[in-house]
Structure formats: C-alpha cells, structure tokens
Amino acid sequence: MHVFEAFSGSAFEESSLYEEHKGLLQYETAYNELCEDLINRENVVEQLRAEQFEAYFGEQINLCPITDYMAWVLGMPQPSSYIPSLVGMDTTNKMSYLERVRNIYSTLLYVYFMENSVEETTEVFRRKYGAHFPNLGNIAADSDMIFVSTDEFIEFPRPTLPNVVHIGGLGFRENIGDYVLSEPYLEEMEKGEKGMVYLSFGTVVNTTSLPKFAMTAVIETVKQTPDYHFIVAVDTYDQPGGTPRFSFIPDLSHSSADDTLSVTEGRHRPNKEAALIPAFVM
C-alpha cells in the first residue's frame, strides 16, 4: 500500500524515463505480494476449485493490453518506430526521429524491468509449489491462444499474431434497459441544472497523498461551474466538508481500456460524452 501512496505523491512530479520504469518494478512487486497472499489462502483456493469452473479469464503477466514485454515474450513484432511504449511515452503513433529513439530506449527499459518482475513472480510460485515450477515467461510464450482484454478500436494499429484474439467488452450487458440506478446514487445523478460531472484520478491515486495544490485546483474549478453537479472520487481518509460520501459508486469509469469500451459501447449511459484522463503513475 505504501507503494501506491508514493505513486500518488509523485503524480505531478517530473521524473526521468529510467525512474518511471524503475517505478514499474515497485508497482509489480506490490502485485506479486498480493499474488503470494492469495495463493496461500487455502480456503479461497478450495472454494474456487469446488466451483468446478470450465474456464477462467484472468491476467497472465501484465494487467494491460499487448505491451512491449508481452510482445517480446510472444514473439510479436513491436515496431518502436510507430508503436509507443506503454510507460513514459506521451506520444502518438506518429513520432519524430528523436521520439523514436526515446521510444526504443523506453521499450528496452520496459522489457528489462518486467523481466525482473516476472522472475519475482516465478519465485512466488516456486516458494509455494517447489523449485521446479517453470518460469512464467516461458509458460506465457508457450500459449496456444492469447486473449487480449481490449478492442482494436482503441488500440494503435500494429502487427499481430494469428492466435491473438481481442475480447474487449466481454461480459458487458447487451441491453442496459433492465438496469436501474438505485438510491442514493439516482438522486445525485439528477442534480445540476446542466448536468453532472464525475471526476476520478484513477485506481492507484490516493487524493490524501496528492500535492495540496492539486485538490485545491479541483475544488476551485468546481466552484466556478455551479450549473453542474460534481461527484469527486476521493480515498477513504479524504473527507471534503459538507459533501455526500459513498464507499462505492457503481458503473462509473476509472479510464481503463475496458472502461473506455464500456463508454463507447453504451454500457454506462448511451450517447453521453466522456473525457477520460487517467493519472497512470509509474
């Protein structure tokens, strides 16, 4: 948890490309700790086994779509001349010469640090199942089929493999007509003369750890737009005075790939505009 708090505190700070990728390793280490905790909960594992599921969809190594590292593991082409690296590259697929050089460097750093992370993850399983447990990167490379939880619609065009299938949107409701927002959320959604605005900084940003000027800017912006009702997502320890507070808000986006799809495909509220600016911090 301290890792995520550190990410929040540095969300508005400049850092080098190397430091951003080094932060990725800290992020992955936190996930490895969660993974080890889960596989050692025998009661949870037994409950899952007792369900006798026929199939399971879950993250393999990365939590994101096809990335620099997964492309490298799978033998998929990763042309750095027009495919931006996942971390540290604030650019499109139309890059200048210097941006391409920086992108190649970023891709190499990403692969290097992810290799270290995968070694950590492999050790988690070896501590549980024995020293002969195979390397997770090798298991991934031997996959007969790769399901990617995104859609070509929001991906940069790229070379792919015949065994890669995009399943973005899997599980979305085909018809949202039977979904009714309940109270107290319904009351909040109806406030605001011109509408409502939902503001979230994403999954890993704790608002109590943000620099003071950041949340001050948010509050001042809200004050300047009284015709709109704002719902601002804050963490557990942040208590804006005099505002309603909910521990959970259903069906609202935090700007992930799946959430972007859910907005474009009408999962939330069809034909509604959405400005998604995730604070993805490394």
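Below is a short write-up of the structure. (Residues numbered from 1 in each chain as written. Predicted model: local features only at pLDDT ≥ 70, side-chain atom pairs only at ≥ 80, totals over all residues. Heavy atoms only, no water.)

Overview of the overall build of the protein
In step 1: Secondary structure assignment for the protein yields 9 helices and 4 strands.
In step 2: Element order for the protein, N to C, with α for helix and β for strand: α-α-α-α-α-α-β-β-α-β-α-β-α.
In step 3: Counting across all 282 residues of the protein, residues that qualify as buried make up 32%.
In step 4: A sequence separation of at least 24 residues applies to 65% of the contacts in the protein between residues at least 6 apart.
In step 5: As displayed, the protein has an accessible area near 18,100 Å², and 54% of this comes from carbon and sulfur atoms. (Helix = DSSP H or I, 4+ residues; strand = E, 2+ residues; numbered from the N terminus. Buried < 20%, exposed > 50% of the residue type's maximum accessible area, 1.4 Å probe, protein only. Contact = heavy atoms within 4.5 Å. Areas by Shrake-Rupley, 256 points an atom, 1.4 Å probe, with all protein chains shown as cover.)

Brief notes about helix α8 (residues 212-223)
In step 1: Helix length check: α8 (12 residues) gives 17 Å between terminal C-alpha atoms against 16 Å at 1.5 Å per residue, within 8%.
In step 2: Within α8, burial applies to Ala214, Met215 and Val218. Buried residues in α8, looked at end-on, bunch into an arc of 90°, giving them a common side. Seen from the buried face of α8, the exposed residues on the opposite side, beyond 90 degrees, are Lys212, Phe213 and Lys223.
In step 3: Of the surrounding elements, those touching the buried residues of α8 are β3 (195-199) and β4 (228-232). (Expected span 1.5 Å × (residues − 1). Arc of directions from axis to C-beta.)

Some points on the pairing of β4
In step 1: Only one face of β4 is buried, namely the one carrying His229 and Ile231, since none of Tyr228, Phe230 and Val232 on the opposite face is buried.
In step 2: In terms of strand pairing, β3 meets β4 through 5 bridges, oriented parallel. Bridge pairing in β4 links Val197 to Phe230. (Pairing = 2+ DSSP bridges.)

Here we look at the pattern of salt bridges
In step 1: Counted under the stated rule, the structure contains 7 salt bridges.
In step 2: Between Lys128 and Glu42 there is a salt bridge, and its shortest N-O distance comes to 2.3 Å. Remark: Glu42 occurs in helix α3 (residues 42-51) and Lys128 occurs in helix α5 (residues 97-129); sequence separation between them is 86 residues.
In step 3: We note a salt bridge from Arg49 to Glu46, for which the minimum N-O separation is 2.5 Å. With Arg49 and Glu46 both in helix α3 and 3 residues apart, the pair spans about one turn of that helix.
In step 4: Glu46 sits in the partly exposed class, given a relative accessible area of 41%. (Salt bridge = Lys/Arg side-chain N within 4 Å of Asp/Glu carboxyl O.)

A look at the packing of aromatic side chains
When we look at a pair of aromatic rings, we describe it by the centre distance and by the angle of the planes.
In step 1: Counted according to the given criterion, the structure contains 6 aromatic pairs.
In step 2: Between the aromatic rings of Tyr18 and Phe113, the centroid separation amounts to 5.6 Å while the plane-to-plane angle is 65°, which identifies the pairing as edge-to-face. With Tyr18 in helix α2 (residues 17-39) and Phe113 in helix α5, this residue pair connects regions lying 95 residues apart in the sequence.
In step 3: Residue Tyr18 is classed as partly exposed on the basis of its relative accessible area, which comes to 37%.
In step 4: On the accessibility criterion, Phe113 (4% relative accessible area) is buried. (Phe/Tyr/Trp six-rings, centres within 6.5 Å; stacked < 30°, edge-to-face > 60°.)

Details of the nonpolar core
Among soluble globular proteins, nonpolar side chains are generally buried collectively.
In step 1: In this structure, Ile66, Tyr69, Tyr110, Met114 and Ile146 are the most contacted members of the largest nonpolar core, which totals 21 residues.
In step 2: Contributing elements (two or more residues each) for this core: α2, α4 (68-74), α5, α6 (136-141) and β1 (146-148).
In step 3: Considering every element that reaches this core, the biggest residue donor is α5, with 6 residues.
In step 4: Look past the residues within four positions of Ile146 in its chain and what remains in contact with it is Ile66, Leu74, Asn163, Val164 and Val165. (Core = buried A, V, L, I, M, F, W, Y, C linked by side-chain atoms within 4.5 Å.)

Some details on the side chain of His229
In step 1: Within the secondary structure, His229 is located in strand β4.
In step 2: Owing to a relative accessible area of 17%, His229 belongs among the buried residues under this scheme.
In step 3: Not counting residues up to four positions away in its chain, the partners in contact with His229 are Glu188, Lys191, Gly192, Gly195, Met196 and Val197.

Description of α5
In step 1: Along its 33 residues, α5 runs 48 Å from first to last C-alpha, staying within 8% of the 48 Å computed at 1.5 Å per residue.
In step 2: Positive phi shows up at Gly130, right after α5, with a value of about 115°.

Considering a nonpolar patch on the surface
In step 1: On the surface, Phe57, Met145, Phe147, Val165 and Leu170 cluster together to form a nonpolar patch covering roughly 490 Å² of accessible area.
In step 2: Here Leu170 is to be found in the loop between β2 (164-166) and α7 (185-189). (Patch = residues over 30% accessible without salt bridge, like charges linked within 9 Å, V, L, I, M, F, W, Y side chains within 5 Å.)

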